[in-house]
Structures are given as structure tokens and as C-alpha cells.
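Residues per chain are reported as follows:
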Amino acid sequence: MPKEIYAKAESFYVDFERKTGPDKISTHYCPGCGHGNLHKMIAETLDEFGVRDKTIFVWPVGCSVFGYYYFHTGNVQVAHGRAPAVATGIKRAHPDSIVLVYQGDGDLAGIGGNEILQAANRGENITVFFVNNAIYGMTGGQMAPTTLPGMKTTTTPLGRTRENEGLPIRVVELLSALEAPTYLERVSLTDAKQMNRARRAVRKAIQAQVEGKGFTLVEALAPCPTGWKIAPTDSRDWIHEQMEPLFPLGAKKDVLEHVESIPGEPRPFVADGMGEKLDILASSVTQARKGTLKEEDYANPRIKVAGFGGQGILLLGVAFSECGMQAGYEVSWLPSYGPEMRGGTANCHVRISDPKIGSPMVEESDVLIAMNRPSLEKFEPDVRPGGLLLLDSSLIDIEPQRDDVTILKIPATKIADDIGTTKCANMVMMGAYIERTGILDLESVIEALPSYIKRKKTIPMNQQAIAKGAEYVREHF
Amino acid sequence: MAKQLLKGNDAVVKGAILAGCRAYYGYPITPASEIAEAAALYFPRVGGTFLQAESEIGAINMVYGASSAGIRSMTASSSPGISLKMEGVSYLVGAELPCVIVDIVRGGPGLGNIAPEQGDYFQIVKGGGHGNYRVPVLAPNSVQEMCDLTMLGFEIADRYRTPVFIMADGFTGQMMEPCEFPEPREDVPDKPWAVGPDASRIDNLVSSIYLDPDDLEGHVEKLRKKAEEIETNETRFEEYRLDDAEHVVIGYGIVSRILKSAVDMAREQGIKVGLLRPISLFPFPKAPIRKLAERVRDFLVVELSTGQMVEDVRLTLEGARPVRFYGRTGGNVPKDSELFEQIRKLQEEKIHA
Amino acid sequence: MTEVRKPRAKPRGTVEIRVDECKGCGYCIVECPQKVLVLAKGFNRMGYHPSEYLGDGCTGCGICFYACPEPGAILVRKLEPVS
């Protein structure tokens, strides 16, 4: 890649005005630090592809936290280790942007281990630059996940050991076990030859994103002369001699040639057709109507429905609420939830009311619909004196204890079975209750059934069940 | 739009989309999972993003990214998950990024249980993350409000560039009630500060770093002033039968619904009691409480906790009136008769006094 | 200080060191194939001995540019071929 002129890339700011202190022309990095070299390679690539204007950098916690001093691009500074997650949110909001993630070894391989793994596994269309200098530079030279065995740091004063800290993590090898990443290469920011390779890798990784070719990552072995406490020129030898044997250079995965190019398209904001898209269009089905109350006492019922799981208990409650709402009542439905679920019974609390509803909980009930024996035993004491108790006499073989409530024994499961399925016993009860109280108009409730029971095949049987339940009450009580 | 019977958790999602939210990042947890499930269904239908993140930490940071990019975004979870999100919340506040976070509070501490509680009041209202900050917290008590306050949350979030919490409980999330949906927002506010894919945005920086102590103090002061402005403009509460009240009960969320029933029962017995229900927990409705203190005998605070909001009531009253507290925990929700009994005790104390 | 040597190749390029951006790490000096860069005896504003071009012998290869970690400390130009 010979050029006519090698000069500061245009993707850098001319002056680093965001930098604190009087010096606005050089970086904040220590002499000989590898970050600057990598910055230059990235910047020249952004220049080359002409994508600076749509580039968004995500900066980590670590020495490169201030990368936004230098790059004249969109910049987002994020929490330690979370850059790949943040980049995911940005890239999906703006798929047509170029999202570059820049992370150090502690950030990426330590605290952010899961974020990078998962972003790589999803194949996010982002480019990650991973600077591995085997140490925590910014915080003053503590051990990194990539610190070498035996290496002394401020938190491994006697050297890193396999027994205590384990061995260094090889990130590109680890990620190459995943299916989604398309290009993973390790480079070394050392001599001229390796710098050239690094430039090619950086270019390739960014080009992959420009072309929409998925997740790419370049790991750069980078000198940290300050952290290593050696001269810059010695640090490059140290990388060759100490790091490269443990972190072998080269592409660990490269399937870019075989990957389909899907460049990101902008995602315009669309707000039309919401009713349909959110399933909140007015229903075309007949709506349930109010009936004529047979007794004043039946007004504003607090209903408890209880039985086995699988008897359609919750659905019966929803059906009451849905019809009540359609008819113009205030309604609420509260399923058994939390500690109430103990004991294997399902129950729900339903309120149908003219006035606004306070508590959706039904403590003392005006109506108990008990579909099995445990439910009867559990909730019978809560029925208000003078209230209604409907029980499924096909399943409940005991007598209720109360003599101050109206008891309607409905062989609901038997009636349902005669119709063709015991599963519609709940609707038999619905018919029975409506017939008894007149709170809803029976015919309209039957016609409105498709609005509250979605399985089309069961509609006729359920409609029949409501009618049969009502008929049973008419004939027997 | 039609009136629809649906769960509070579903209403949150539909409300969010109508408010122009186009990104949902979350992680499943009972009893908030229905929000993620509904989001998974509806967000893609409107050209939005739904992603089940690797963790709560991943989710809140994806929201950070989406918000940085200028789109309306949200996440939802339940208490233990909210604990995990708190790092992200602090960063969102620091970087002044708007978003909506829903907490369907469950029992704690630790794994606790999945039943309704209000033990997250301190965590959400008082901070939770590091640093000096306050975030608006809205506490719905009905399915309609799960929709409405979520929508309002997005407006407040953008108006002040802040995360907004919706603090609800398992009951409000799980129960079904009718909800009337408003018309959708046709567009969302432009955010000139956001990062984006064109040259007009390349000088934008989203960050929470202020290295210089004076700079950071200036930033913190800006956030404090913002919180003050929010206190002035966004305090919300509901009053119920307070006109001639001698006793005031205070409760929020599902508790306020039960308190309403209990107040009605007490009124039938001739006890002059009314309800004050904070809708915004931050800002806390201090003014109406102080005003009531001028003419009522005492206050009763009811919470699904060992007493968290009650501290704000006491701070507000500064000892001006007695404050009684009644709390249930562990997922136990008091019955209306139980709360009526507590109100009756207030009345008895008055007679004995 | 690196010993001053005579250039081994005809000048085909030129290198400009921006003294106040240089931190004196020495990478450019080590990497320069022509060995035409040295550390200056004097200090720059930051107190480093900056790199210095001997004024002759640069081929314009750009290796020093990439060896240098600073974005703008080194500027390398190719010159018209000398006839």
C-alpha cells in the first residue's frame, strides 16, 4: 500500500480540543504505547473507504477511554466491558452506520467476557479492535486476563501462576469456536513487517463491515512500555519473544470470501397501521350486551372462579371480563399468582361493576364458581351471606357447608361431556351463571364467543355449552 | 382505537410502541416476562428491534446504545434483574440518555419470590446506581395506566434527557382490565445530540466522563437542577375522598387500589378518611401532603414493604402529624378488610385521644 | 544518540518530524531502513528528545509513519524521482 504522502488521517481531529490540559496536538498515551499505532491504521482506513461521516466509535474503560479526543466521528463512551452490547444497540438503530468497538484486555476479556462472546455469537455487524498488552495500563499495572504466566504485575507481585490465576485467555481462538464471526485475526504492533500485516487486518475488518459481512475482530498485541517498565524499543522485542509464542499471530478465522454481503439499510421510523399491527382494531364480532338483572343483589358481582389447572378456569374469568367490558361494565381480572398458586388449584378474581373498581382482588366473593372439591373447600367460607355458589356437581362429591348462600349444583363436566368435550365445562358454568343473574344478555354472549375464545374449531361446542348451562338452570332452579 | 381487555404487561408494550419506541432489549424474568414476550411479537411488526440480551447488563447497555443513536428504547425486568441494570442506569443518567425502564417488582431480597412487592422503592427512587442522581419514577395502578404512564415516560425521558422508571408490581402486570389506546405518535423528537450515520452528527459525543473536578461538579449540578425542574413540573398524584378527611391513607400502585376499597368501607362506617396516591414516586408529591397536614389528624402509609416510601412521607411532614405504617412483604397483599381494620385503628386512637 | 551516518540511498522522499508531537519513543529510528532518523540532542516542549531527520536519504517508504504511535508527529512525502 505505498502512498505519495503519509500524513495525519482526516478522520482524526486537526486539533484535539477535547483533550484536557494545554497540549492539544499529541495523544495522552505514554511514549511507545501501541494504541496510537492502531488508531492511525483505523483512521487511514476510514479515510480510504470514505466512511468517516457514518462511523460511530464505542470506547471502553481503560487507557483508550479517551479515544474520542482524536477521532472526528460519532463517539460513545461506555461502561467497563459493555462496549459490544452498546454497539449492538447502536448498530441496530442505525444499520447503515459503521460501528467500531475498541476494547482493551481487561475490558474485553475480563469484565466484558460475556458481552463480547454474545455479540460475536449473534454475528453483530460490527468491527472490534482488541488491544492486548497483557496488563491493566490505566489503573496502574494490575493483572489482565491476558497477563503471561510468571509475569509480575501489581496484583501478581510474585508473578501470575496457573494455580492461582489460571493461564491467559486467547480471545481469537476462543471466538473462532463460534459459527458467526467471519474474520478473526491476531496481529502484533511491532516491526515494520508486522505493522504492515496489522494495517491489512484493520482494513479487512472494516471493509467487512462496509460490505455488511458480519462480526469481525482484530486482536493487536500492543506494547505498554510504562506498564511493563521497559523501554519502548525493548517492548517490541518483548512482544516477539514473550507474547507471540503464547498468542500466535495470524488469522484464526477468515470466511469473508464465502459470506454474503448484506450492507445495512437505514431504518426509517414508521407509525402507520398501528391498530392492525398491535391487534387493537375494533372487533367485527358481535359484542356482548348487558342483560336484565333478575335481582338487584346480583349487581356489581365480585366473582371467584376456581378449579384444577386445565379446566379453563382462567379462561372462564377472561370470558366474563371480556363480555362485561363489551357490555359497558367496568371489569377486572386477576389470575392466581404468587403464593396463591400453592396447592395446585387455579383461580382468578373477576369483578364486573357499574362503578369504578377499587381493588381487583376478590376477598369476600358474591359469587363462587367452584369446579372441583379443593376449590369448594378453600373458597366456600369466603362467599358473602346471601351470595351465589355454583359448583360442578359432576366432580364435587361433598355437600357445601353453608346454608346462608344460594347453591346451584350444575353437572357441568357431565353436560360438557355430552356435548363432546369435558373441556367446555367452564362455558357450561358461564351459561348457568348468566341465566341465573341476567347480568349479561345470553344470546349476545353466545354470539360474541369468537371474541374471547380464539380456537375456531371449538367455537360451536363452546356456544352450545353456554346454551346448555343456561338451559339447565332454567329447568332445575 | 378500540378498547381492549389485556394484561398490564401487554399494555406496557403496546403503549411503548404507540409512543414511538422502536427498540426493546430485555432478559426474561418472572413476573415481567410477558413484557419481553409481547415485545418479541410486536416490535418486529412495526419495524423495531426486539432482542433477548445475554443478561440484564447486556440489555441495559443495548438500550444505552439505542438511546445514544437517538431512538426511543426500553427494557423491562423484575427486581433482581433491576439490581443488575443499575450500573447501566447510572451511566444512562451520567450520559443524559433517555429511555424507559419497567420494573415489575417481586419479593426480595435475594431470589425472594415472584409475588408482588414494593421493596424496590429505595433501589429505584433513591438511586441504586452510583453517583448523585434522581430519575423520574411513575407508579401505575391499572392496566390503562400501564399503557398511559409508559407513554408519558417516553415524553418525560426525552424532555429531560433522563431514564424514566415505571415501577409496578406483579398484580398490575398480570391483571387484565380494559385499556383504551390513544393514537400513535406519528414521529418522535429529533435528537441533535445523538450519534448517527451522517456528517451532521460526527461532532457528537455521548459520555459520562468529566475528569476535571470542577467540570464534574458542574455536570452534577446540571443534573441536580434537572431533577429540581422535574420536581416542579412532573409531580403527579391522585386524591380520593379527601375533601373532609380527618385521616389520610397513602399508598401507590396496587396498594392504592386496595386502599380505595378500604376507604369506601370506612366511609360506610362514618370514618372520615381519604386516599392520597403518589403517581410519581420521584418527584414525590410533597406539596399536597404538606397541605393536607394543615387540616387532617394523621396519616397511614401502606406499602408492600417494611417501610420505604413512608420515609419520604415522614421527611415531607417533618413531624407535623403522626404517621402510622402498615406493611406486608413476601408477596402477601393485604385484603381490603385488613386495611379497613388499620383505618379503624386510626379512628379509635382519635376517640381515645 | 545514534551515530550519524551517511545516507545509503539517493533521496526519494522526505520526512518531517513535528517536534512537539514526538515523545521520543525511538520506534521510527529503529524501523527506518535507511537509518536517517536520530534522536535530537535538545528537548521538545514535553521534555522529550524528539526524533530528527538527518535531512538526507529518506526514500519516502512510510515505515516510520506507521512505526510512530502519534497521529501527526511524522509526515512523509515521496519526491519526484531524481533524474
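Per chain, residue numbering runs from 1 following the sequence as it is written. Labels are handed out in written order, letters beginning with A for the chains and numbers beginning with 1 for the ligands. Local features in this predicted model are restricted to residues whose pLDDT is 70 or higher, and side-chain atom pairs enter the listing and the counts only when it is 80 or higher, whereas totals over whole chains, interfaces and linings include all residues. Only hydrogens and water are set aside; all other atoms, that is, all heavy atoms of the structure, feed into the side-chain values.

Let's talk about the sheet that holds strand 5 (residues 127-132) of chain A
Strand order in the open sheet formed by 8 strands is 10(A)-8(A)-9(A)-5(A)-4(A)-2(A)-3(A)-10(B), and the pairing between neighbours is mixed. Each of the sheet's edge strands pairs with one partner strand only, and the pair in question is strand 10 (250-254) of chain A together with strand 10 (205-206) of chain B. As paired elements, strand 8 (residues 183-188) of chain A and strand 9 (residues 216-221) of chain A share 6 bridges and run parallel to each other. Looking at strand 9 of chain A, one finds that Glu185(A) is bridged to Val218(A). By this definition, two strands are paired if DSSP reports at least two bridges between them. Secondary structure is summarised from DSSP: a helix means a run of H or I of at least four residues, a strand means a run of E of at least two, and numbering begins at the N terminus for each.

What about the packing of aromatic side chains?
Here a pair means two rings of Phe, Tyr or Trp (six-membered ring of Trp) with centres within 6.5 Å. Their orientation is stacked below 30 degrees between planes, edge-to-face above 60, and tilted elsewhere. Considering all chains together, one arrives at 20 aromatic pairs over all chains under this definition. Taking the centre distance of 4.4 Å and the plane angle of 45 degrees together, the rings of Phe57(A) and Phe71(A) count as tilted. A residue pair is termed long-range when its members are at least 10 positions apart, and Phe57(A) in strand 2 (residues 55-59) and Phe71(A) in the loop between strand 2 and strand 3 (74-77) qualify at 14 residues. Accessibility assignment for this pair places Phe57(A) and Phe71(A) in one class, buried. Here the aromatic rings of Phe66(A) and Tyr68(A) are separated by 6.2 Å at their centres, their planes lie at 75 degrees, and the arrangement is edge-to-face. Buried means the residue's accessible area, taken with a 1.4 Å probe over protein chains only, is under 20% of the maximum for its type, while exposed means over 50%, and partly exposed covers the values in between. On the basis of relative accessible area, Tyr68(A) is assigned to the buried category, the value being 4%. What links up through ring pairs into an aromatic cluster is the set Phe16(A), Tyr29(A), Phe66(A), Tyr68(A), Tyr69(A) and Tyr70(A). Two conditions define a charge located above a ring, namely a distance within 6 Å from the ring centre to NZ of Lys or CZ of Arg, and an angle within 35 degrees of the ring normal. The aromatic ring of Phe65(C) is capped on one face by Lys40(A), whose charged end is 4.0 Å from the ring centroid. Taking the ring centre of Tyr329(A) as reference, the NZ or CZ of Lys290(A) above it sits at 4.4 Å.

Regarding the domain arrangement of chain A
Accessible area lost when the parts come together is the quantity often used to give the size of an interface. Residue ranges labeled as domains rest on an automatic or database domain assignment. Each assigned domain of chain A is listed with its residue range as follows: domain 1 (35-258) and domain 2 (296-476). Look at where the C-alpha atoms of domain 1 of chain A and domain 2 of chain A centre, and you get two points 63 Å apart.

Some remarks on the pattern of salt bridges
The salt bridge definition used is simple: a Lys or Arg side-chain nitrogen within 4 Å of an Asp or Glu carboxyl oxygen. Going through the model one piece at a time under the given rule, you end up with 60 salt bridges over all chains. Residue Arg236(A) is joined to Glu31(C) by a salt bridge in which the shortest nitrogen-to-oxygen separation is 3.9 Å. Placement of Arg236(A) in helix 8 (residues 232-246) and of Glu31(C) in helix 1 (residues 27-31) is noted, with the two residues assigned to different chains. Here Arg236(A) matches Glu31(C) in class, with each residue buried. Note that Lys7(B) and Glu34(B) form a salt bridge whose closest N and O atoms lie 3.6 Å from each other. Here the residue Lys7(B) occupies a position in strand 1 (residues 3-7), and Glu34(B) occupies one in helix 2 (residues 33-45), the gap between them amounting to 27 residues. Comparing Lys7(B) with Glu34(B) shows no difference in burial state: the two are buried.

Some remarks on the environment of Lys272(B)
Residue and element names in this part refer to chain B. Structurally, Lys272 is set in the loop between helix 9 (254-268) and strand 13 (273-278). Given the relative accessible area of 37%, Lys272 is considered partly exposed. Between the C-alpha atoms of Lys272 and Ala245, which are 27 residues apart in sequence, the distance is 4.8 Å. Lys272 has contacts with Asp244, Ala245, Glu246, His247 and Arg267, leaving out every residue within four places of it along the chain. For this analysis, residues touch if any pair of their heavy atoms sits within 4.5 Å.

Some thoughts on the interface of chain A and chain B
Taken together, the contact pairs 67 residues of chain A with 77 residues of chain B. Among the ionic pairs, Glu87(B) bridges to Arg82(A), the shortest N-O distance being 3.0 Å. Between N or O atoms, a polar contact is any pair within 3.5 Å; within protein, one atom must be a potential hydrogen donor and the other a potential acceptor, and residues adjacent in sequence are included only when both atoms are from side chains. There are 28 residue pairs in polar contact (both at pLDDT 80 or more) connecting chain A and chain B. Listed by contribution, the elements that provide at least two residues to the side of chain A that touches chain B are strand 3, helix 2 (83-93), helix 4 (113-122), helix 9 (274-277), helix 10 (313-327) and strand 12 (330-335) of chain A. Of the residues that constitute the side of chain A that touches chain B, the class distribution is 32 nonpolar, 18 polar and 17 charged. As paired elements, strand 3 of chain A and strand 10 of chain B share 2 bridges and run parallel to each other. Pairing of Val76(A) across the sheet is with Val206(B), part of strand 10 of chain B. Residues are grouped as follows: Ala, Val, Leu, Ile, Met, Phe, Trp, Tyr, Cys and Pro are nonpolar; Asp, Glu, Lys and Arg are charged; every other residue, Gly included, is polar.

What to know about the sheet that holds strand 12 (residues 247-250) of chain B
Residues and elements named next belong to chain B. As summarised here, the arrangement of the 5 strands in space is 11-13-12-15-16, forming an open sheet in which the pairing is mixed. Only two strands of the sheet have a single neighbouring strand rather than two, namely strand 11 (237-240) and strand 16 (323-327). Pairwise comparison of adjacent strand axes, ignoring direction, gives a mean angle of 20 degrees for this sheet. Where strand 12 lies against strand 15 (residues 298-303), 4 bridges are found, and the strand directions are parallel. Residue Val249 lies in a different strand from strand 15, and its bridge partner there is Leu300. Think of each axis as a best-fit line through the C-alpha atoms, taken over the contacting stretch in the case of a helix, with angles from 0 to 180 degrees between the N-to-C directions. Each of strand 11, strand 12, strand 13 and strand 15 is contacted by helix 9, which is oriented at about 170 degrees to strand 13, the strand it contacts most.

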